Amino acid sequence: MNRRSFLKWANMAGVAAGLPSVPTFGAARDDAKPGPDAPTPKRVLSPETILLKDYRPKSIYKIPVTEIAKAKYPIIDMHSHPYAKTALEIDEWVRNMDEVGVEKTIILTMATGAEFNDICSKYVQHPDRFEMWCGFDFAGYDKPGFGASAVKELERCQQAGARGVGEIHDKGKGLRSGKSSAPGMHPDDPRMDVVFEKCGELGMPISLHVADPIWMYQKMDKTNDGLMNAFYWRLDNQPGIVGLAGMIDILERTAQRHRNTTFIACHFANLDYDLARLGEMLEGNPNLYADISARYAETAPIPRFAAQFYAKHADRLVYGTDMGVDKAMYRATFRILESLDEHFYEIEQFSYHWSLNGFGLSDAILKQVYHDNAAKLLAARRA
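Counting restarts for each chain, with residues numbered from 1 along the sequence as it is written. Residue-level local features of this predicted model are given only where pLDDT is at least 70; pairs of side-chain atoms are given and counted only at 80 or more, and the full residue set underlies all totals for whole chains, interfaces and linings. Heavy atoms throughout the structure, all of them, feed into the side-chain values; hydrogens and water do not.

Asker: Just to check I follow, could you spell out helix α4 (residues 146–159) for this structure?
Answerer: Because an α-helix packs 3.6 residues into every turn, residues spaced three or four apart end up facing the same way. For helices the rule is a DSSP run of H or I covering at least 4 residues; for strands it is a run of E covering at least 2, with both sets numbered from the N terminus onward. One less than the residue count of a helix, multiplied by 1.5 Å, gives the span that helix is expected to have. Between the first and last C-alpha of α4 there are 20 Å, a value that for 14 residues agrees with the 20 Å anticipated at 1.5 Å per step. Exposure is judged per residue with a 1.4 Å probe applied to protein chains only, and the accessible area is read against the type maximum: over 50% gives exposed, under 20% gives buried, and values in between give partly exposed. Listing the buried residues of α4 in full gives Phe146, Gly147, Ala150, Val151, Glu153, Leu154 and Cys157. Mapping the buried residues of α4 onto a view down its axis gives an arc of 165 degrees, with all of them on the same face. Within α4, the exposed residues directed more than 90 degrees away from the buried face are Ala148, Lys152 and Gln159. Looking one or two places after α4, you find Gly161, whose phi comes out positive at around 130 degrees. In this description, the arc belongs to the directions extending from the helix axis to the C-beta atoms.

Below is the structure:
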């Protein structure tokens with residue numbers, strides 16, 4: 001279950017759990033029961049009892065609404081996962097990609113061993129539309145010989161079809177790659193040196209997810225601007241966790257230590273709230289890129305500042321989704337990137353009740369972010 005699907009499930013479960021029970025004052029009499037044709041009574045919600053998770057505002061402004069069915073330029077989606085499980089589902093995904101203008105999708109399997117092989121076999125019928133990236137095997141990370149073992153599996157995965165590595169997570173408690181984890185070991189740990197260096201030698205970029213959005217670390221109280229989403233992914237109650245700022249420092253040290261290895265920081269490196277800090281890292285580390293996946297809602301409330309950031313760092317940002325395969329999902333991202341629409345909502349997609357705004361990015365920037373930066377990054381592996 002992917003992140004957004006989980007949120008939808010969690011929201012539905014929360015709604016169900018929050019429904020008041022039917023009053024049972026006194027004994028129910030047979031003659032008091034409603035007949036089969038009786039109308040179902042409506043539950044009247046008072047403003048004093050509406051829960052934050054149930055809040056669904058609708059914009060009342062009479063302003064332009066831009067519908068973008070297909071991206072302005074061909075897209076390379078640098079951040080997706082093996083959502084489709086059958087040949088029919090994969091074929092449907094390809095049709096969706098055709099309709100919205102996605103040329104190629106990078107599948108971040110996070111897997112190694114037989115699991116990676118199995119995923120590859122499912123997508124083999126569309127070699128030009130999907131590219132497989134593997135994970136790391138952290139088995140024995142706390143024992144001598146870990147580096148050699150991890151490198152051996154990395155090389156095997158490359159021979160089986162892996163062109164890159166990802167998505168590797170560290171939200172502050174240690175590295176994780178799918179089902180494999182290394183608690184307490186972070187990307188800048190010396191034990192990872194030989195593995196990252198081998199990725200550079202093999203020309204395999206690494207999609208690295210550090211930390212999570214700032215709201216997940218803040219107090220879950222009335223001051224938390226992203227509470228409606230942060231509560232489900234909260235990290236404020238995790239003992240011994242490295243905070244967001246600490247994880248950003250770890251990311252920067254890692255990129256600096258391995259200059260010949262390309263890193264792609266997922267989700268703006270979760271600096272969507274502090275794009276200036278991300279800009280500093282991009283400027284100081286030519287081997288570091290950032291994908292924009294699953295952080296559209298976090299940046300769309302600040303359209304002017306975000307658009308300025310895109311303009312300044314257009315050559316280091318790559319498009320990504322990380323939100324499934326639906327056409328409506330893709331089109332929501334196009335509206336934010338391409339249009340100048342204001343004050344619209346995508347609550348079911350992004351799980352925030354913030355109003356969103358379009359960036360109105362120029363054709364030159366769109367072409368770089370949608371396609372050219374990723375194409376250049378992928379082509380460099382063959383040089």
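Asker: Which parts of the structure should I look at to understand the nonpolar core?
Answerer: One broad rule of soluble globular proteins: the nonpolar side chains tend to lie buried together. Counting residues in hydrophobic clusters, the biggest one holds 98 residues, and the most contacted among them are Phe136, Leu278, Tyr310, Tyr319 and Leu337. Only heavy atoms matter for contacts: two residues are in contact if any of them lie within 4.5 Å across the pair. Not counting residues up to four positions away in its chain, the partners in contact with Leu278 are Phe268, Ala269, Leu271, Ala290 and Phe309. Of all hydrophobic cores here, the second largest spans eleven residues; its members include Leu108, Trp133, Tyr289 and Leu378. For this analysis, a nonpolar core means a set of buried residues of the types Ala, Val, Leu, Ile, Met, Phe, Trp, Tyr and Cys, connected via side-chain atoms within 4.5 Å.

Asker: I tried to follow unusual backbone geometry on my own but got confused; where do I start?
Answerer: Most peptide bonds take the trans configuration, and most residues that are not glycine carry a negative phi. A cis amide bond, omega -5 degrees, links Gly166 with the succeeding residue Glu167. Note that Glu167 resides in strand β4 (residues 164–170). Even without glycine at this site, Ala294 takes up a positive phi of about 55 degrees. Inspection of the secondary structure puts Ala294 in the loop between β9 (288–291) and α9 (296–299). Judged by its relative accessible area of 1%, Ala294 is buried. Even without being a glycine, Asp322 presents a positive backbone phi close to 65 degrees. If you trace the backbone, Asp322 turns up in the loop between β10 (317–318) and α11 (327–338).

Asker: Please clarify how the packing of aromatic side chains should be interpreted in this entry.
Answerer: The geometry of an aromatic ring pair comes down to the distance between the two centres and the angle between the two planes. Stacked, tilted and edge-to-face pairs are distinguished by plane angle, under 30 degrees for stacked and over 60 for edge-to-face with tilted covering the rest, among Phe, Tyr and Trp rings (Trp via its six-membered ring) whose centres lie within 6.5 Å. Applying the stated criterion across every chain, the model contains 19 aromatic pairs. Centroid distance Phe231 to Tyr232: 6.0 Å. Interplanar angle 70 degrees. Geometry classified as edge-to-face. Classification of Phe231 as partly exposed rests on a relative accessible area of 45%. With 6.2 Å between their ring centres and 80 degrees between their planes, Phe268 and Tyr310 make a pair best called edge-to-face. Of this pair, Phe268 sits in the loop between β8 (263–265) and α8 (275–284) while Tyr310 sits in helix α10 (residues 303–312), and the two are 42 residues apart along the sequence. Exposure remark for Tyr310: the relative accessible area of 1% places this residue in the buried category.

Asker: Got a minute to help me understand the side chain of Asp322 in this structure?
Answerer: When charges are counted, Lys and Arg contribute as positive and Asp and Glu as negative, whereas His and the chain ends are disregarded. Every case where a carboxyl oxygen of Asp or Glu lies within 4 Å of a side-chain nitrogen of Lys or Arg is listed as a salt bridge. Buried within the structure, Asp322 lacks any salt-bridge partner; Arg295 is the closest side chain of opposite charge, at an N-O distance of 5.8 Å. Polar contact is defined as a pair of N or O atoms within 3.5 Å, subject to the rule that within protein one atom must be able to donate a hydrogen and the other to accept it, and that residues adjacent in sequence are counted only when both atoms are side-chain atoms. A polar atom in the side chain of Asp322 sits 3.1 Å from the side chain of His81. For Asp322, the contacting residues outside a window of four places in its chain are His79, His81, Tyr83, His267, Ser293 and Ala294.

Asker: I tried to follow the layout of surface pockets on my own but got confused; where do I start?
Answerer: Summary: where empty space remains is shown by rolling a probe the size of a single water molecule over the atoms. Reported here for the second largest pocket is a volume of approximately 220 Å³. The residue inventory of the lining of the second largest pocket, partitioned by class, reads six nonpolar, six polar and three charged. Only protein atoms enter the 1 Å grid used here, on which a cavity is any set of points holding a 1.4 Å probe that cannot leave and a pocket is any open set flanked by protein within 12 Å on both sides along at least five of seven lines; residues with an atom within 4 Å of a point are listed as lining. Grid points are joined across faces, edges and corners, and a volume is the space filled by probe spheres set on the points. Residues are sorted three ways: Asp, Glu, Lys and Arg are charged, Ala, Val, Leu, Ile, Met, Phe, Trp, Tyr, Cys and Pro are nonpolar, and all the rest, Gly among them, are polar.

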